Amino acid sequence: MQPRLTLVGAGPGDGELITLKGVRALRQADVVLYDDLANNSLLEFAPDYALKIYVGKRAGKLSFTQDEINTLIVRLAQEHGHVVRLKGGDPYVFGRGFEEYDYARQHGIMCDVVPGISSSIAVPASQGIPVTSRGVSESFWVITATTRTGELSDDLRLAVQSKATVIVLMGLRKVDEICAMYCQAGRGHVPMAVVQNGTRADEKCVLGQVWNIPKLVAEQGVGAPAVLIIGEVVTLHPSYLAECLRSASMAY
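What you see is a predicted model; the values in this text were computed from it and never measured.

K.L.:
It is not clear to me how the sheet that holds strand β7 (residues 110-114) should be interpreted in this structure. Could you clarify?
P.N.:
Sheet architecture is open: 5 strands sit in the order β3-β2-β6-β1-β7, paired in parallel fashion. The open sheet has two edge strands with one neighbour each: β3 (51-54) and β7. Across the sheet, the mean angle separating the axes of adjacent strands is 15° when strand polarity is ignored. Of the strand pairs in this sheet, strand β2 (residues 31-34) and β3 are connected by 4 bridges, and their pairing is parallel. Residue pairing across strands places V31 opposite L51, the latter belonging to β3. Against the sheet, helix α1 (residues 20-27) engages β1 (4-9), β2, β6 (82-87) and β7, with an angle of about 135° to β6.

K.L.:
Sorry, what's going on with helix α6 (residues 175-184) here?
P.N.:
The periodicity of an α-helix, 3.6 residues per turn, causes residues three or four places apart in sequence to face the same way. Among all positions of α6, only V175, I178, C179, M181 and Y182 are buried. The buried residues of α6 occupy an angular sector of 150° when projected down its axis, which confines them to one face. Away from its buried face, by an angle of more than 90 degrees, α6 presents the exposed residues D176 and Q184. Looking at the buried side of α6, the elements it contacts are α5 (154-159), β9 (165-169), β10 (191-196), α7 (213-219) and β12 (226-230). G186, located one to two residues past α6, shows a positive phi value of around 75°.

K.L.:
What should I look at first to understand the pattern of salt bridges in this one?
P.N.:
Working definition: two side chains of opposite charge can pair if their charged atoms are close together. As enumerated under the stated definition, the model contains 9 salt bridges in all. E100 is the salt-bridge partner of R85, the closest N and O atoms lying 3.2 Å from each other. With R85 in strand β6 and E100 in helix α3 (residues 97-106), this pair connects stretches of sequence that are 15 residues apart. Of the two residues examined, R85 and E100, each falls in the buried class. Its salt-bridge partner being R157, residue D154 comes within 3.6 Å of it at the nearest N-O pair. Taken together, the residues span about one helical turn, with D154 and R157 both in helix α5 at a distance of 3 residues. Because the salt bridges share partners, they merge into one network encompassing D35, R85, K87 and E100.

K.L.:
I would appreciate a short explanation of the sheet that holds β9 in the present structure.
P.N.:
Note on sheets: strands pair through backbone hydrogen bonds, and any given pair is parallel or antiparallel. The strand order β8-β9-β12-β10-β11 describes an open sheet built from 5 strands, whose pairing is mixed. Looking at strand neighbours, the two that pair on one side only are β8 (140-144) and β11 (204-209), the edges of this open sheet. Across the sheet, the mean angle from the axis of one strand to that of its neighbour is 15°, orientation sign disregarded. Pairing analysis gives 5 bridges linking β8 to β9, with the strands arranged parallel. Residue T144 lies in a different strand from β9, and its bridge partner there is L169. Against the sheet, helix α4 (residues 119-126) contacts β8, β9, β10 and β12, and its axis sits at roughly 110° relative to β9. Helix-sheet contacts for α6 involve β9, β10 and β12, and the interaxial angle to β12 is about 5°.

K.L.:
I tried to follow the state of the cysteines on my own but got confused; where do I start?
P.N.:
The full count for this structure, using the stated rule, is 0 disulfides. Here C183 is not disulfide-linked; the sulfur of C179 is the nearest cysteine sulfur, at 6.6 Å. Take C183: its relative accessible area is 37%, and that puts it in the partly exposed class.

K.L.:
Where do I start with the side chain of N212 in this structure?
P.N.:
Among the structural elements, N212 can be located in the loop between β11 and α7. A distance of 2.9 Å separates a polar side-chain atom of N212 from the backbone nitrogen of Q209.

K.L.:
Got a minute to help me understand a nonpolar patch on the surface in this structure?
P.N.:
A cluster of nonpolar side chains, contributed by V93, F94 and M170, occupies part of the molecular surface with about 260 Å² of accessible area. Take F94: it is sitting in the loop between β6 and α3.

K.L.:
Looking at this structure, I do not really get the nonpolar core. What am I missing?
P.N.:
Nonpolar side chains in soluble globular proteins tend to be buried together. Formed by 26 residues in total, the largest nonpolar core has its most connected members in V168, I178, M192, V194, I213 and I230. Broken down by secondary-structure element, the contributors of at least two residues to this core are α5, β9, α6, β10, α7 and β12. When residues in this core are grouped by element, the largest group, 5 residues, is from α6. Those residues in contact with V194 that sit more than four places away from it in its chain are L172, K204, C205, V206, I213, V217, V222, A226, V227 and L228. The next biggest cluster of nonpolar side chains, apart from the first, holds 18 residues, and it includes V8, V32, L43 and V84.

Thresholds, definitions, all that
- Throughout, a residue's number is its position along its own chain's written sequence, starting from 1.
- The predicted origin of the model limits local features to residues at a pLDDT of at least 70 and limits the giving and counting of side-chain atom pairs to 80 or more, whereas totals for whole chains, interfaces and linings rest on all residues.
- Derived side-chain values reflect all non-hydrogen atoms in the structure, with water molecules and hydrogen atoms excluded from consideration.
- A pair of strands is labelled paired if DSSP reports no fewer than 2 bridges between them.
- Think of it this way: any DSSP run of H or I at least four residues long counts as a helix, any run of E at least two long counts as a strand, and we number them from the N terminus.
- Each axis is a line fitted through C-alpha atoms, and for a helix only the stretch in contact is used; angles between axes span 0 to 180 degrees, taken between their N-to-C directions.
- Contacts between residues were defined by any pair of non-hydrogen atoms, one from each residue, lying within 4.5 Å.
- Any residue under 20% of the maximum accessible area for its type is buried, any over 50% is exposed, and the rest in between are partly exposed; the area is computed with a 1.4 Å probe on protein chains only.
- This arc describes the spread of directions from the helix axis toward the C-beta atoms.
- Any Lys or Arg side-chain nitrogen found within 4 Å of a carboxyl oxygen on Asp or Glu counts as a salt bridge.
- Two cysteine sulfurs form a disulfide in these notes if their separation is within 2.5 Å.
- Pairing of N or O atoms within 3.5 Å defines a polar contact, subject to two protein rules: one partner must be a possible hydrogen donor and the other a possible acceptor, and residues neighboring in sequence count only if both atoms are side-chain atoms.
- Candidates for patches are residues over 30% relative accessible area with no salt bridge; among them, like charges are joined within 9 Å and nonpolar side chains (Val, Leu, Ile, Met, Phe, Trp, Tyr) within 5 Å.
- Here the Shrake-Rupley method, with its probe set to 1.4 Å, supplies the accessible areas, and only the displayed protein chains count as covering residues.
- In this text, buried Ala, Val, Leu, Ile, Met, Phe, Trp, Tyr and Cys residues form a nonpolar core when linked through side-chain atoms within 4.5 Å.

Right, dumping it as structure tokens:
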């Protein structure tokens, strides 16, 4: 029995948006550690005998701390063999995947990484929004809303000044602060979308401009997980103009 770890990107939410290599790893798993952002249907690819252990958040509470997950990976690999760590999106895009990889490797565990489709690209695409488009946006930023200290990332302050598309992950709780930052910089009319449960059957999208997005999000009951998309590319959404006109008429 060779202890080993495979970090598998589960994709943005739709169970069909996992790679063939990711499915192959699951079929060879002795243990699967998964969280909320990974579609539960993917567990069906794992053998019946495989241990399937939830290590995500429920009701805002961690079932395991990151240190506990790191230790669990090593222990289970030593006891059972092949551990698959199934993580939403891509393991190396705000997924703390490298921390788990590095810890396991330091403890003599053979490691592999299967990249996944990141929600930063797939979720906008699922709504008909390209993150780049010739003549509209030449680049895009992917930023986490919250740093280790719980404060907004300093990179957001730089992003506000850019004409690039800005994708904010894990940012719904900070949407008021983020929008206020844009408004203070005189950019309150930049188009914006907020997409909850992107690529899943219950996907919900709110379209507007930075200045009115907090109000629209509250009115329409948008919750986490959600991706924030800021920039002119949002105008390419097929319903953008109609939604903006509807919101404007309701404001009067």
